Amino acid sequence: LRSLPEVEWIGMSLNVPLNKFYNGTLCTEGATNNTLFSSRTDMVDTGYLATMGIELVAGRNFTDGTPYDQVIVNELYAKLQGWTDDPVGKITYNFGSPVIGVIRDFKIKAVNAEVPPMQLHFLSLQGNQNFDNLVLSIRLREMDSRSIRAVEAKLKQVTPQVRFKFQIFDEQLTVERHYERAFRN
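Residues numbered from 1 in each chain as written. Predicted model: local features only at pLDDT ≥ 70, side-chain atom pairs only at ≥ 80, totals over all residues. Heavy atoms only, no water.

Enquirer: Which parts of the structure should I look at to understand the pairing of strand S5 (residues 71–74)?
Expert: If a strand is regular, its side chains alternate between the two faces of the sheet. Burial along S5 is two-sided: Val 71 and Val 73 facing one way and Ile 72 and Asn 74 facing the other are all buried. In the sheet, S5 pairs with strand S6 (residues 99–103) via four bridges, with the strands oriented parallel. In the strand pairing of S6, Asn 74 is matched with Ile 103. Note that S5 and strand S7 (residues 118–122) share three bridges and pair antiparallel. Looking at the pairing, Ile 72 lines up with Leu 120 of S7. (Buried < 20%, exposed > 50% of the residue type's maximum accessible area, 1.4 Å probe, protein only. Helix = DSSP H or I, 4+ residues; strand = E, 2+ residues; numbered from the N terminus. Pairing = 2+ DSSP bridges.)

If you want it as C-alpha coordinates, here you go:
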(Lines give C-alpha, C1' and ligand atoms only; values in the text may rest on other atoms or scores of the structure.)
Protein backbone atom coordinates (compact mmCIF):
# COMPACT_ATOMS: atom_id res chain seq x y z
CA LEU A 1 0.00 0.00 0.00
CA ARG A 2 2.83 2.40 0.81
CA SER A 3 3.96 2.16 -2.80
CA LEU A 4 0.71 3.71 -4.04
CA PRO A 5 1.13 7.39 -4.94
CA GLU A 6 -2.36 8.06 -3.51
CA VAL A 7 -1.30 6.97 0.00
CA GLU A 8 0.34 9.50 2.30
CA TRP A 9 0.45 7.50 5.57
CA ILE A 10 -0.64 4.11 6.90
CA GLY A 11 -1.18 3.18 10.54
CA MET A 12 -2.66 0.26 12.43
CA SER A 13 -4.48 0.02 15.75
CA LEU A 14 -6.65 -2.38 17.68
CA ASN A 15 -9.56 0.06 17.85
CA VAL A 16 -11.43 2.37 15.54
CA PRO A 17 -10.42 5.91 16.58
CA LEU A 18 -14.00 7.01 17.32
CA ASN A 19 -14.78 3.98 19.50
CA LYS A 20 -14.34 4.22 23.23
CA PHE A 21 -11.94 1.67 24.68
CA TYR A 22 -11.29 2.14 28.37
CA ASN A 23 -9.30 0.01 30.71
CA GLY A 24 -9.56 -0.15 34.49
CA THR A 25 -9.12 2.53 37.09
CA LEU A 26 -5.74 4.21 37.42
CA CYS A 27 -4.15 5.90 40.43
CA THR A 28 -1.84 8.88 40.21
CA GLU A 29 1.80 8.00 40.80
CA GLY A 30 3.05 9.23 44.13
CA ALA A 31 -0.21 11.07 44.81
CA THR A 32 -1.20 12.00 48.30
CA ASN A 33 -4.90 12.32 47.52
CA ASN A 34 -5.90 9.01 45.82
CA THR A 35 -7.06 10.66 42.60
CA LEU A 36 -8.53 8.01 40.29
CA PHE A 37 -9.33 8.18 36.59
CA SER A 38 -10.06 5.93 33.62
CA SER A 39 -7.90 6.08 30.55
CA ARG A 40 -8.52 5.34 26.90
CA THR A 41 -6.00 2.64 26.00
CA ASP A 42 -5.11 1.40 22.54
CA MET A 43 -2.33 -0.42 20.75
CA VAL A 44 -0.92 1.36 17.70
CA ASP A 45 1.97 0.93 15.27
CA THR A 46 4.74 3.30 14.19
CA GLY A 47 2.63 4.99 11.49
CA TYR A 48 -0.49 5.67 13.56
CA LEU A 49 0.36 9.13 14.93
CA ALA A 50 1.23 10.54 11.49
CA THR A 51 -1.74 8.85 9.83
CA MET A 52 -4.19 10.31 12.33
CA GLY A 53 -2.47 13.71 12.47
CA ILE A 54 -1.65 13.37 16.18
CA GLU A 55 1.08 15.74 17.34
CA LEU A 56 3.93 14.41 19.46
CA VAL A 57 4.92 17.21 21.88
CA ALA A 58 7.62 15.45 23.92
CA GLY A 59 9.76 12.34 23.69
CA ARG A 60 9.59 10.03 20.70
CA ASN A 61 7.27 7.85 18.66
CA PHE A 62 7.38 4.06 18.61
CA THR A 63 9.94 2.42 16.35
CA ASP A 64 10.03 -1.13 15.01
CA GLY A 65 11.21 -3.28 17.87
CA THR A 66 9.80 -1.04 20.61
CA PRO A 67 8.97 -3.25 23.63
CA TYR A 68 5.26 -3.58 24.39
CA ASP A 69 5.73 -2.20 27.88
CA GLN A 70 6.64 1.29 26.63
CA VAL A 71 3.80 3.80 26.34
CA ILE A 72 2.89 7.15 24.82
CA VAL A 73 0.44 9.23 26.86
CA ASN A 74 -1.47 12.42 26.17
CA GLU A 75 -1.05 15.71 28.03
CA LEU A 76 -4.18 15.16 30.14
CA TYR A 77 -2.98 11.75 31.27
CA ALA A 78 0.31 13.30 32.44
CA LYS A 79 -1.58 16.09 34.23
CA LEU A 80 -3.93 13.64 35.97
CA GLN A 81 -0.91 11.61 37.07
CA GLY A 82 0.32 14.75 38.82
CA TRP A 83 3.49 14.94 36.75
CA THR A 84 4.51 18.61 36.75
CA ASP A 85 7.87 18.05 35.07
CA ASP A 86 8.71 16.12 31.88
CA PRO A 87 6.60 12.91 31.79
CA VAL A 88 9.12 11.08 29.58
CA GLY A 89 10.72 8.36 31.67
CA LYS A 90 7.94 8.29 34.28
CA ILE A 91 6.23 4.97 35.01
CA THR A 92 2.48 4.47 34.55
CA TYR A 93 0.62 2.95 37.48
CA ASN A 94 -1.58 0.34 35.82
CA PHE A 95 0.91 -1.30 33.44
CA GLY A 96 4.18 -0.22 35.06
CA SER A 97 5.16 1.11 31.64
CA PRO A 98 7.84 3.72 31.01
CA VAL A 99 6.55 6.78 29.13
CA ILE A 100 8.54 7.37 25.92
CA GLY A 101 6.39 10.14 24.44
CA VAL A 102 3.60 12.64 25.03
CA ILE A 103 0.95 13.56 22.46
CA ARG A 104 -1.12 16.73 22.36
CA ASP A 105 -4.66 16.32 23.69
CA PHE A 106 -7.26 15.87 20.96
CA LYS A 107 -10.97 15.16 20.88
CA ILE A 108 -11.95 11.70 19.78
CA LYS A 109 -15.65 12.22 19.34
CA ALA A 110 -17.94 15.23 19.31
CA VAL A 111 -16.91 18.87 19.48
CA ASN A 112 -18.23 19.36 23.01
CA ALA A 113 -16.93 16.03 24.29
CA GLU A 114 -14.22 16.03 26.91
CA VAL A 115 -10.72 15.00 25.95
CA PRO A 116 -10.06 11.64 27.61
CA PRO A 117 -6.77 10.72 29.25
CA MET A 118 -5.05 8.38 26.82
CA GLN A 119 -2.24 5.87 26.69
CA LEU A 120 -0.98 4.15 23.55
CA HIS A 121 1.02 0.93 23.61
CA PHE A 122 3.09 -0.43 20.73
CA LEU A 123 1.32 -2.79 18.34
CA SER A 124 3.83 -5.21 16.88
CA LEU A 125 2.79 -7.72 14.27
CA GLN A 126 5.92 -9.75 15.00
CA GLY A 127 5.84 -12.71 17.35
CA ASN A 128 2.95 -14.76 18.65
CA GLN A 129 0.21 -12.15 19.02
CA ASN A 130 -3.14 -13.19 17.60
CA PHE A 131 -5.10 -10.13 16.51
CA ASP A 132 -8.36 -10.98 14.78
CA ASN A 133 -9.63 -7.51 13.96
CA LEU A 134 -6.99 -4.89 13.31
CA VAL A 135 -7.90 -1.41 12.13
CA LEU A 136 -5.91 -0.22 9.14
CA SER A 137 -6.02 3.58 8.88
CA ILE A 138 -4.95 5.15 5.61
CA ARG A 139 -4.36 8.85 4.99
CA LEU A 140 -4.84 9.60 1.30
CA ARG A 141 -3.21 12.53 -0.46
CA GLU A 142 -6.58 13.28 -2.12
CA MET A 143 -9.93 12.00 -0.90
CA ASP A 144 -11.53 10.98 -4.17
CA SER A 145 -13.09 7.86 -5.66
CA ARG A 146 -10.03 7.12 -7.83
CA SER A 147 -7.76 7.02 -4.75
CA ILE A 148 -10.19 4.79 -2.86
CA ARG A 149 -10.48 2.40 -5.82
CA ALA A 150 -6.66 2.21 -6.06
CA VAL A 151 -6.41 1.28 -2.38
CA GLU A 152 -9.22 -1.29 -2.68
CA ALA A 153 -7.55 -2.90 -5.71
CA LYS A 154 -4.17 -3.10 -3.96
CA LEU A 155 -5.69 -4.62 -0.82
CA LYS A 156 -7.51 -7.27 -2.88
CA GLN A 157 -4.25 -8.02 -4.72
CA VAL A 158 -2.05 -8.48 -1.64
CA THR A 159 -4.63 -10.02 0.73
CA PRO A 160 -7.41 -11.62 -1.35
CA GLN A 161 -8.51 -13.82 1.59
CA VAL A 162 -9.18 -10.84 3.88
CA ARG A 163 -12.45 -8.94 3.78
CA PHE A 164 -12.08 -5.22 4.44
CA LYS A 165 -14.75 -2.83 5.61
CA PHE A 166 -14.06 0.72 4.46
CA GLN A 167 -15.15 3.66 6.58
CA ILE A 168 -14.23 7.27 5.97
CA PHE A 169 -13.18 8.85 9.25
CA ASP A 170 -14.40 12.34 8.33
CA GLU A 171 -17.84 10.94 7.49
CA GLN A 172 -18.01 9.09 10.82
CA LEU A 173 -17.04 12.28 12.63
CA THR A 174 -19.75 14.23 10.77
CA VAL A 175 -22.37 11.69 11.93
CA GLU A 176 -21.13 11.91 15.54
CA ARG A 177 -21.32 15.70 15.45
CA HIS A 178 -24.79 15.60 13.89
CA TYR A 179 -26.08 13.54 16.82
CA GLU A 180 -24.42 15.93 19.24
CA ARG A 181 -26.16 18.93 17.65
CA ALA A 182 -29.51 17.12 17.49
CA PHE A 183 -29.56 15.96 21.10
CA ARG A 184 -27.74 18.67 23.01
CA ASN A 185 -30.86 20.69 23.81
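The rest of the description comes next.
Enquirer: Just to check I follow, could you spell out the environment of Phe 95 for this structure?
Expert: Relative to the helices and strands, Phe 95 is located in the loop between helix H2 (75–81) and S6. Residue class for Phe 95 comes out partly exposed when judged on its relative accessible area of 37%. Between the alpha carbons of Phe 95 and Val 71 there is a distance of 9.2 Å; along the sequence they are 24 residues apart.

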